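If you want the building blocks of each chain, they are given just below.
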Amino acid sequence: MAYQLQEINRRVRTDAEAFLAECDENYAQRVSLAADRILANLERSPIVLLSGPSGSGKTTTAMKIAEELQRRGVGSRAVAMDNYFTTVDPKTAPRTPEGAIDYESPRCLDMDLLSEHFSALSRGEEIVVPRFEFARQMRNDSLGVPLKLEKNEIAIFEGIHALNDEIAGRHPEAAKLYISARSNVNEGSALRFKGTWMRLTRRAVRDYNFRGTEVARTLGMWANVRRGEKLYISPFKGKADIVFDSSLPYEVSVMRHYAVPILQSVPEDGERHDEMLELVRAFEYFEAIDPSLVAPNSLLREFIGGGCYKYH
C-alpha cells in the first residue's frame, strides 16, 4: 500500500484537524479488528504475542488493544518483552559481523523464562514480570511486578521477537499479531518517502528527545537494526494471525518539525550522511502540520511525547 503525496498535502491545506481525526479513526478500526481476533482465541489461550520491527509502535498498539478489550469487559495487561532481556555477558554475548555485541539478537532474551511465564499465566498462576534497567544494561528482578490473570483476562506481550520460533513456536495456541509502518508515500509513480524512513524517523526523534541518543548514533546503528529485522523478525511475520500497518498518512507532515533540525545537525563526515541528506530533502515535499493538533492518544505520541500513555 502507498499513500499519495498530493492527497496528503491537499488534506493538510483543506482541514488538517479532520485529516488527523480520520487517520486516527482508521487506526482505531485496525485495533478493533485485532481485538476481535484475540477474543475469538481466548478459549485457547490468554496470551497475545505482538511483534514488529523497531519504530513500529508496538507499545502504544499493545496498550490500545488492551483498552479496547477492557471496553468490551475483558481485563487486559500489556507487558514489554524488553524486560526479559538478560544481563549481557561480553564473553558469551552474540556478535555482529563487525564484532560488536548484537543487541538485536533473540539470544539476548531469556526465552526459557518467557515460556515458563506464558505457561504459568495460562494455568492461572502468578508470575513476577522482571524489570530491565537499560541505563545499567542489566536485569533487576527485585524491581519485578507481580502479574496474575483471572478468568477471561488477557496478557499482551509485545516485543521484536514475539513471533520467534523460540517463543511462539513453544506456544502455538497464543494469538499472534505483527505490526509495522509499511506504506511508502508516492507522487504519482515516483517514490517520495519510504516506509522504512517513517520508522527511522520515529526512532531518531524518540531516542533524541527521551533517551539522550544523538541522531548520528541512531543513524549509525540503523544498518544493524535493519540487519536484525531481516534475520530475526521478518522471517516470522507469516506466523501472525493478523498483520496491520502502523503508518499514519499525516505523520511525515508532523515529524518534519522534529526530524529536520536534528538531522541537519549531523556532521558532514558522519556515517550515512548521504542518506540523511536524502531524508531531509524528502521532508520538503510535505505540507507541515502543527504538532499541537496531534491527539493525546495518537500512536505518534509514543515518539514525539505529550501523549496520554505512560512509557517506561
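In what follows, the structure referred to is the one given above.
Just so we're clear, the structure is a prediction, and the values are computed from it rather than from any experiment.

So, how was this worked out
Residues numbered from 1 in each chain as written. Predicted model: local features only at pLDDT ≥ 70, side-chain atom pairs only at ≥ 80, totals over all residues. Heavy atoms only, no water. Pairing = 2+ DSSP bridges. Helix = DSSP H or I, 4+ residues; strand = E, 2+ residues; numbered from the N terminus. Buried < 20%, exposed > 50% of the residue type's maximum accessible area, 1.4 Å probe, protein only. Contact = heavy atoms within 4.5 Å. Axes fitted to C-alpha atoms, helices over the stretch in contact; angles between N-to-C directions. Expected span 1.5 Å × (residues − 1). Core = buried A, V, L, I, M, F, W, Y, C linked by side-chain atoms within 4.5 Å. Salt bridge = Lys/Arg side-chain N within 4 Å of Asp/Glu carboxyl O. Parallel < 35°, antiparallel > 145°, perpendicular 65-115°, else oblique. Nonpolar A, V, L, I, M, F, W, Y, C, P; charged D, E, K, R; others polar. Left-handed = near helix turned anticlockwise from the far one by under 90°.

Colleague: Got a minute to help me understand the pairing of strand β10 (residues 184-187) in this structure?
Modeller: Across a regular strand the side chains alternate sides, sitting on one face of the sheet and then on the other. As defined by bridge partners, strand β1 (residues 2-4) adjoins β10 across three bridges and the pair is classed as parallel. Note on β10: the bridge partner recorded for Y3 is V185. When β10 meets strand β11 (residues 190-193), the two strands line up antiparallel, connected through three bridges. Bridging from a neighbouring strand, N186 pairs with L191 of β11. What sits between β10 and β11 in their antiparallel hairpin is a turn of two residues, with G188 showing a positive phi close to 65°.

Colleague: Help me out: how do you make sense of the side chain of N164 in this one?
Modeller: Residue position: N164 is located in the loop between β8 (154-158) and β9 (175-180). In this structure N164 comes out as buried when scored by relative accessible area, which is 8%. Leave out the neighbours within four places in its chain, and N164 touches P106, M111, G169, Y232 and F236.

Colleague: What should I look at first to understand the sheet that holds strand β3 (residues 76-80) in this one?
Modeller: Either a parallel or an antiparallel arrangement is found when strands of a sheet pair, and the pairing is made through backbone hydrogen bonds. One open sheet accounts for five strands, arranged β3-β8-β2-β9-β12; its pairing is parallel. Edge positions in the open sheet fall to β3 and β12 (242-245), since each of these has one partner strand only. The average angle at which neighbouring strand axes cross in this sheet is 20°, direction not considered. As judged from the five bridges shared by β3 and β8, these two strands associate in the parallel manner. In the sheet register, V79 faces β8, and the bridge partner there is F157.

Colleague: What am I meant to see in helix α4 (residues 195-210) here?
Modeller: At 3.6 residues per turn, the α-helix brings residues three or four places apart onto the same side. Across its 16 residues, α4 extends 23 Å between first and last C-alpha, which sits within 8% of the 22 Å expected from 1.5 Å per residue. Burial of α4 is extensive: 12 of the 16 residues sit out of reach of the surface. Within two residues after α4, G212 carries a phi angle of roughly 65°, on the positive side.

Colleague: I would appreciate a short explanation of the sheet that holds β1 in the present structure.
Modeller: Ordered by their spatial adjacency, three strands build an open sheet running β1-β10-β11, and the pairing between neighbours is mixed. Each having just a single partner strand, β1 and β11 make up the two edges of the open sheet. Averaged over all adjacent pairs, the angle separating strand axes in this sheet is 45°, with direction ignored.

Colleague: Could you clarify how one ought to interpret the nonpolar core in this entry?
Modeller: Core analysis: the largest hydrophobic core is formed by 61 residues, its most contacted members being I65, I156, L177, F193, Y250, L263 and F283. Per-element accounting of this core gives the leading share, 11 residues, to helix α1 (residues 5-40). Look past the residues within four positions of F193 in its chain and what remains in contact with it is N184, V185, M198, T201, V252, L279, A282, F283 and F286. Grouped together as the second largest cluster of nonpolar side chains are 32 residues, I47, L49, F118 and I127 included.

Colleague: Mind showing me how you'd approach the pattern of salt bridges here?
Modeller: Applying the stated rule across the entire model yields 21 salt bridges. Of the charged contacts in the structure, one is a salt bridge between R227 and D102, with a shortest N-O distance of 3.3 Å. Of this pair, R227 sits in helix α5 (residues 215-233) while D102 sits in the loop between β3 and α3 (111-122); the two residues are 125 residues apart in sequence, bridging distant segments of the chain. According to the relative accessible area criterion, R227 is partly exposed, its value standing at 23%. Assessed through its relative accessible area of 1%, D102 is described here as buried. With a shortest N-O distance of 3.5 Å, R203 and D207 are connected by a salt bridge. Of the two residues, R203 and D207 both sit in helix α4, four residues apart, roughly one turn of that helix. Like D207, R203 is buried. Residues joined by salt bridges that share partners form a network here, namely D36, E68, R71 and R72.

Colleague: I'm lost on unusual backbone geometry in this one. Help?
Modeller: Most peptide bonds are trans, and most residues other than glycine sit at a negative phi. Even without glycine at this site, N152 takes up a positive phi of about 65°. Along the chain, N152 turns up in the loop between β7 (145-147) and β8.

Colleague: Looking at this structure, how should I read the packing of α4 against helix α7 (residues 273-283)?
Modeller: Helix packing geometry: the angle between the two helix axes and the distance between the axes. Interaxial distance between α4 and α7 falls to 12 Å at its minimum, and their mutual angle equals 100°. Comparing the axis directions of α4 and α7 gives the class roughly perpendicular. Residue-level contacts link W197, L200 and T201 of α4 to E275, E278, L279, A282 and F283 of α7. Broken down by class, the residue content of the contact of α4 with α7 amounts to five nonpolar, one polar and two charged.

Colleague: Mind showing me how you'd approach the packing of helix α6 (residues 251-264) against α7 here?
Modeller: It is at 9 Å that the axes of α6 and α7 come closest, and there the two elements cross at 145°. Relative to α7, α6 is oriented so that their crossing is left-handed. Contacts between α6 and α7 involve V252, M255, R256, A259, V260, L263 and Q264 from the first element and M276, L279, V280 and F283 from the second. Taken together, the residues that form the contact of α6 with α7 break down as nine nonpolar, one polar and one charged.

Functional significance is not addressed by these values, which are geometric in nature.
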